[in-house]
Amino acid sequence: MTNIFRNLGHQTLLLILISACSMPNQKNEHENLLQFVDPMIGTGKAQTISALKHSIKGSTENLANTFPAVGNPNAMTNWTPQTRATEKKCLAPYYYSDSLIQGFRGSRFMSGSCTQDYGSFTIMPLTGELKLHAEKRASAFSHDHEFASPAYYRVLLQDYRINAEMTGTTRAGFFRFTFLEDNEGYVVIEPNSDEMEGHIEIIPEKNTIIGYNPAHRIYQGWGEPAGFSGFFVAVFDQPFKEHGIWGKEDIENPLTNTGAYVKFDTKATKQVLVKIGTSLTSIENAFENLDAEIRDWDFDQVRNETRANWEENLGVLRAEGKSKNDLTIFYTALYHASMLPRVFSDIDGSYPGFADNDEIQVATDHIYYTDYATWDSYRTLHPMLTILNPVKQTEMVQSLIRKAEQGGWLPIFPCWNQYTAGMIGDHVIAVIGDAYIKGLDNFDIDTAYYYMRKNAFESPADFEVYKNGKGRRALDSYLQYGYIPLEDTVKEAFHQNEQVSRTLEYAYDDFVLAQVAKKLGKTEDYRQLIKRAGNYRNVFDTSTGFVRGRFADGRWIEPFEPAKRASYITEGSPYQYTWYVPQDVPGLISSMGGEERFVHRLDSMFEIGEYWHGNEPGHQTIYLYAWAGAAWKTQDRARQVLREEYNVGPGGLSGNDDVGQMSAWAVMTMTGFYPVTPGTPYYIIGSPIFDEVTVTPIGSNNSFTIRTLNNSEENKYIQSALLNDQPFDRIYLTHEEITKGGLLEFTMGPKPNKSWANSPEARPPTTKKGS
C-alpha cells in the first residue's frame, strides 16, 4: 500500500485524503449497512459451479451483467463508469475485466439483463489533446484507485490525471472532476445513439448543454422508435473557455452521430462541477427534475442524502452474523434487487404514454414505473417487495394497470415502456395477483381483473396487434389442446417454440388468476381457471417421469434425452423444467410416483450436476423437498446452493442477475424463507444463514425477527422452533405472520431432525393434494 501511495504523487494523495475526510462518518455495524455493499459483485464472468457447467459457451449466460450503479433505489437514471460504448443488446456499460474507462454514463441498462440500454448519454473529462471518439479518449484506470458504492463512485483517470467522482439521485446526477495537473481541461458529452439520431445543443450563457437520445425497441417491433427519448440537461458551475459541437462526419468510424465539448481554464480552476437532470418527457422536465433534486452545488450533501436513502432501503433487513462475506453477499444482493423496475415519471408525475399511446400522461396518485422483466422478477423480487416495501409494490402494480389501460392489453414483459413478448408466460398476472392475495389492495383491482382475464381468455382479433406483442403467445393452441403442441412454433415471439415451458407457465398463471377470481367471487371464472391450472399434466410423461414435447395428436417427441437442452424448453432441459409446477406440488409428486420417488429424483438431479441455478425456473426447486416429507433436505440444499452459487468478487453471481431476481433469491433464502408459489400467502422455510434477521417493512411499526441458536456451517438443520414462544412445527410461514410482527426462533443442529415439520398438516393448506 505504501508503494501505491508513493507512486500516486502528492496532489493525488492529498485529493484522496480530502475525499476520505468528506465521506460520511462511519457508524456502528447496525447503522452502516452500505459498508457491506460491493457493486463490483457480478461485473465479471460467473465462477459458480452451475454457471460453468450449463452456460452456453460464447454466450452471455455466464455474465451476471450487473454494473456499479450510483443513485437512489429504482432510479430513473443510473450513473455508472463506462467501459463499453454501445447500447447494443446484452452489453452492460461496465465490465470489471476492462482496463479503460471511456466516460460516465447516464444509463437505463436493465441491471443483470440481456437487453439493451436506451436513451443514454456519456460524459468524460480529459486533458491535453481533445479526443472525441469514445474508444480513443478512453483512459487507463486501476481498481486499486477505484471506489464504488450505491451512493458514490470515484476513480483516478490515469492518462489525464483527473480524479472523477459522481453521485446521483432518482432523476439527476452530480459530478466532481478534479484536474491534478496544469493542462488544458475539457469535458465531452454525447448521446449514445447507435441509430445516429442523437441531438445536442450548447447554451454558453447558462453554462449548459442539453440533448436527447431517442429510444428504440427490441424484441417485438425490433428497431422501431419506442415513442420517447432520454432527455438530459448538464449545468456546469463555471463559464466555458471554449465550446463546440461535432457530427459523425468529424470522426473516423463514429459510434454516435453528435456530441459536444467544453473547455475550462483548469490551470486557474482545479475543479469542475456538473449537475445533470434527466427526463423521459422533455428538456423542460429535465430542468425541473434537476431543480427539485439537486438545487445547490454541494456535492457532499447530495452524496450523504443518497447514502441515507440507501441506508433506509437496506435497513428493512437487519442481519447479524459472524461472517463479513455473508453480510456482503446479503446486502449486495438487496442492492441489486433494488434497481428495477425503474421510476419513469418526472417529479411532477409526467411520463410518456405506454406503447402506441403518444400522449404525455400524468400519474397523480402514484409513481409510474417501467422495465419489468416479469419472467424473472415475479418469482422472488416482487413477492419480496410485498413484504419489505408494500407501498412501492402497490405503485408498481398500479403502473402495470395503467399500461393495460393505455395499450388495451395487459403487457407480458413490459420494457422501455412498450409491449415486447420478450419472454414466455403471462406473469404480470402473477405480480398483480400475488399482491392482491396478500392484502395489497390500494389499486384498481376491478380494472386489473378485466385485463388479466382478457389475457387469459382472448387473443387480439387483428394479427398486427398480436404481432406487436399484445396478448398471450399461442393462446389459441393452449385453449384448444390444453397444452401447446410442437406444431405451433410460436413465430410471433422473440423466444420461439418452447411449447412445454409455455404450457407449464400458463398453467401456473391460470392458477394465480383463479385465486383472484375466487377472492372476487367470480365463481365460473374460478372453475375454468383452476381446471386449466392442471394443464401441466398434459405435458408430463408419466412413463419417463419428465415433462416432454408433445404433438397435437398426443404423441411424445422422439428421441427423448431429458438432460439435454431442447427447443420446447426455455433455456434449459426437461430435467430442469420438470419441477416447475409451483401451484400443485402434491399433484407433481403423485404424477412422479409418490414421495419416495420424488425425493430420489430431486437428489439425482443434484448428484449428476443437472441443477442450474443460473436459470430462474429452477429457483423454487430445492424447496419442493418440504412437500415430500424431507424438509431437512431443503435445509441442506439451501446451504449448498448459497455456498456454490453466491460469493464475493466480480464472478460471484451465477449468470444473468436478471433485474435482481438472482439476488432476491439469495436475500430470501439467507433470511430463511422463500415464496415458492406467488399468488398464495405462504413462504416455505429453509435454513437461515444468520444468527438473527429482523424484517421491518418501510412504513410499518411491526418487526418480524428470525433468530437462530447454535447456527453454523455444520449446524444447518432445524431441530425445533418457537413462534412467539409457542411450538412451531410446519414448513411455512404466512404473509400475515410476517407483517404483523413477532419472533421465530430456531434451534439448529448438525444432524437432520427428520420428524420436524414432517406431517401432511405441516404443509401449506391451499397446495395440499385435492384442494
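The preceding data block contains the structure.
Residues numbered from 1 in each chain as written. Predicted model: local features only at pLDDT ≥ 70, side-chain atom pairs only at ≥ 80, totals over all residues. Heavy atoms only, no water.

This next bit is on the overall build of the protein chain. Along the protein chain, the regular secondary structure elements total 22 helices and 31 strands. Expressed as lengths along the three principal axes of its C-alpha atoms, the size of the protein chain is roughly 80 × 60 × 50 Å. Counting every position in the protein chain, which comprises 771 residues, the buried fraction comes to 67%. Taking as baseline every contact in the protein chain between residues at least 6 positions apart, the subset at least 24 positions apart corresponds to 71%. For the protein chain, the exposed area adds up to about 26,400 Å²; of that, 47% sits on carbon and sulfur atoms. The centroid of the 72 positive side-chain charges in the protein chain is displaced by 5 Å from the centroid of its 96 negative side-chain charges. (Helix = DSSP H or I, 4+ residues; strand = E, 2+ residues; numbered from the N terminus. Buried < 20%, exposed > 50% of the residue type's maximum accessible area, 1.4 Å probe, protein only. Contact = heavy atoms within 4.5 Å. Areas by Shrake-Rupley, 256 points an atom, 1.4 Å probe, with all protein chains shown as cover. Lys, Arg positive; Asp, Glu negative; His and termini not counted. Charge placed at Lys NZ, Arg CZ, Asp CG, Glu CD.)

What follows deals with the state of the cysteines. In this structure the tally under the stated criterion is 1 disulfide. Linked covalently through their sulfurs, Cys90 and Cys114 form a disulfide whose S-S length is 1.6 Å. The sign of the 75° torsion about the S-S bond sets the Cys90-Cys114 disulfide as right-handed. Note that Cys90 is positioned in the loop between strand S1 (78-82) and strand S2 (100-101) and Cys114 in the loop between strand S3 (103-107) and strand S4 (121-127), a separation of 24 residues in sequence. Relative accessible area serves as the criterion here: at 12%, Cys90 is assigned to the buried category. The buried category is assigned to Cys114, whose relative accessible area is 19%. Note on Cys415: no disulfide assigned, nearest cysteine sulfur contributed by Cys114 at a separation of 12 Å. We classify Cys415 as buried; its relative accessible area is 0%. (Disulfide = S-S within 2.5 Å.)

Attention now goes to the nonpolar core. By size, the foremost hydrophobic cluster in this structure holds 215 residues, and its most contacted members are Phe104, Phe177, Phe236, Tyr331, Ile432 and Phe598. Sort the elements by how many residues they give to this core and helix H15 (residues 499-520) lands first, with 9 residues. Listed in part, the 15 residues of the second largest apolar core include Ala172, Ile210, Phe231 and Ile283. (Core = buried A, V, L, I, M, F, W, Y, C linked by side-chain atoms within 4.5 Å.)

A few words now on the packing of H15 against helix H16 (residues 523-532). Contact geometry for H15 and H16: axes closest at 8 Å, N-to-C directions at 155°. Regarding the angle of H15 to H16, the classification is roughly antiparallel. When the axes of H15 and H16 are compared, the crossing they make is left-handed. Mapping the contact onto sequence places Ala507, Asp510, Phe511, Leu513, Ala514, Gln515, Ala517 and Lys518 in H15 and Asp525, Tyr526, Leu529, Ile530 and Arg532 in H16. Here the contact of H15 with H16 is composed, by residue class, of 8 nonpolar, 1 polar and 4 charged. (Axes fitted to C-alpha atoms, helices over the stretch in contact; angles between N-to-C directions. Parallel < 35°, antiparallel > 145°, perpendicular 65-115°, else oblique. Left-handed = near helix turned anticlockwise from the far one by under 90°. Nonpolar A, V, L, I, M, F, W, Y, C, P; charged D, E, K, R; others polar.)

Right, let's talk about the sheet that holds strand S28 (residues 717-723) for a bit. Working definition: the strands of a sheet are paired by backbone hydrogen bonds and lie parallel or antiparallel to each other. The strand order across the open sheet built from 6 strands is S17-S26-S27-S31-S28-S29, with neighbouring strands paired in mixed fashion. Both edges of this open sheet fall to strand S17 (317-320) and strand S29 (726-727), since each of them pairs with a single strand only. (Pairing = 2+ DSSP bridges.)

Attention shifts here to the pairing of strand S12 (residues 208-216). Every regular strand shows the same layout, with side chains that alternate between the two sheet faces. For S12, the buried fraction is high: 8 of the 9 residues fall into the buried class. Looking at chain direction, strand S11 (residues 199-203) and S12 are connected through 5 bridges and run antiparallel. Note on S12: the bridge partner recorded for Ile200 is Gly211. If you look at the hairpin formed by S11 and S12, you'll find 4 residues sitting between the two strands, and Asn207 has a positive phi there, around 50°. Pairing of S12 with strand S13 (residues 225-236) involves 8 bridges; the strand directions are antiparallel. By the bridge assignment for S13, Ile209 is matched with Ala234.

Attention shifts here to helix H20 (residues 631-645). Its 15 residues give H20 an end-to-end C-alpha distance of 21 Å, which sits within 8% of 21 Å, the value for a rise of 1.5 Å per residue. The element H20 is extensively covered by neighbouring structure, given that 12 of its 15 residues are classed as buried. Along H20, the residues classified as buried are Ala631, Trp632, Lys633, Thr634, Gln635, Asp636, Arg637, Ala638, Arg639, Val641, Leu642 and Glu645. On its buried side, H20 packs onto helix H3 (49-54), helix H19 (595-607), helix H21 (661-671), strand S25 (682-685), S28 and strand S31 (742-749). (Expected span 1.5 Å × (residues − 1).)

Another aspect to go through is the packing of aromatic side chains. Scanning the entire structure with this criterion turns up 50 aromatic pairs. Taken together, a centroid distance of 5.9 Å and an interplanar angle of 50° make the contact between Tyr481 and Tyr483 tilted. A relative accessible area of 5% places Tyr483 in the buried class. A centroid spacing of 6.3 Å and a plane angle of 55° characterise the contact between Trp665 and Tyr674, whose relative ring orientation is tilted. Among the residues examined, Trp665 registers a relative accessible area of 0% and is labelled buried. We classify Tyr674 as buried; its relative accessible area is 1%. Cluster of aromatic residues (ring-pair linked, three or more members): Tyr118, Tyr219, Trp222, Phe228, Phe344, Tyr351, Tyr368, Phe413, Trp416 and Phe494. The ring of Tyr466 carries Arg473 above its face, with NZ or CZ at 3.8 Å from the centroid. Above the face of the Trp556 ring, Arg550 is positioned so that its terminal group lies 4.5 Å from the ring centre. (Phe/Tyr/Trp six-rings, centres within 6.5 Å; stacked < 30°, edge-to-face > 60°. Lys NZ or Arg CZ within 6 Å of the ring centre and 35° of its normal.)

Take the pattern of salt bridges next. By the definition in use, this model includes 37 salt bridges. Measuring nitrogen to oxygen at the nearest pair gives 3.1 Å for the salt bridge that ties Arg532 to Asp510. In this pair, Arg532 sits in helix H16 while Asp510 sits in helix H15, placing the two residues 22 residues apart along the sequence. For Arg532, a relative accessible area of 10% gives the class buried. Among the residues examined, Asp510 registers a relative accessible area of 0% and is labelled buried. The salt bridge involving Arg643 is made with Glu713; its shortest N-O contact spans 2.6 Å. Here Arg643, found in helix H20, pairs with Glu713, found in the loop between strand S27 (704-709) and S28; they are 70 residues apart in sequence, far enough to count as distant. Residue Arg643 is classed as partly exposed on the basis of its relative accessible area, which comes to 32%. Classification of Glu713 by relative accessible area gives partly exposed; the value is 40%. Connected through shared salt-bridge partners, Glu165, Arg176, Asp300 and Arg303 make up one network. (Salt bridge = Lys/Arg side-chain N within 4 Å of Asp/Glu carboxyl O.)

If you trace the 8 strands from one edge of the open sheet to the other, you get S6-S7-S8-S9-S16-S13-S12-S11, paired in antiparallel fashion. In this open sheet, the two strands that pair with only one neighbour each are strand S6 (146-149) and S11. The mean angle between the axes of side-by-side strands here comes to 15°, regardless of whether they run parallel or antiparallel. Where S6 and strand S7 (residues 152-157) come together, 4 bridges link them in antiparallel fashion. Bridging across to S7, Ser149 finds its partner in Tyr152.

Time to look at the side chain of Glu293. With respect to the helices, strands and loops of the structure, Glu293 is situated in helix H5 (residues 283-293). Judged by relative accessible area, which is 16%, Glu293 ranks as buried. Only 2.7 Å separates the side chain of Glu293 from the backbone nitrogen of Arg171, close enough to count as a polar contact. Residues contacting Glu293, with those up to four places away along its chain left out, are Thr169, Thr170, Arg171, Ala172 and Ile347. (Polar contact = N/O pair within 3.5 Å; in protein donor to acceptor, adjacent residues only side chain to side chain.)

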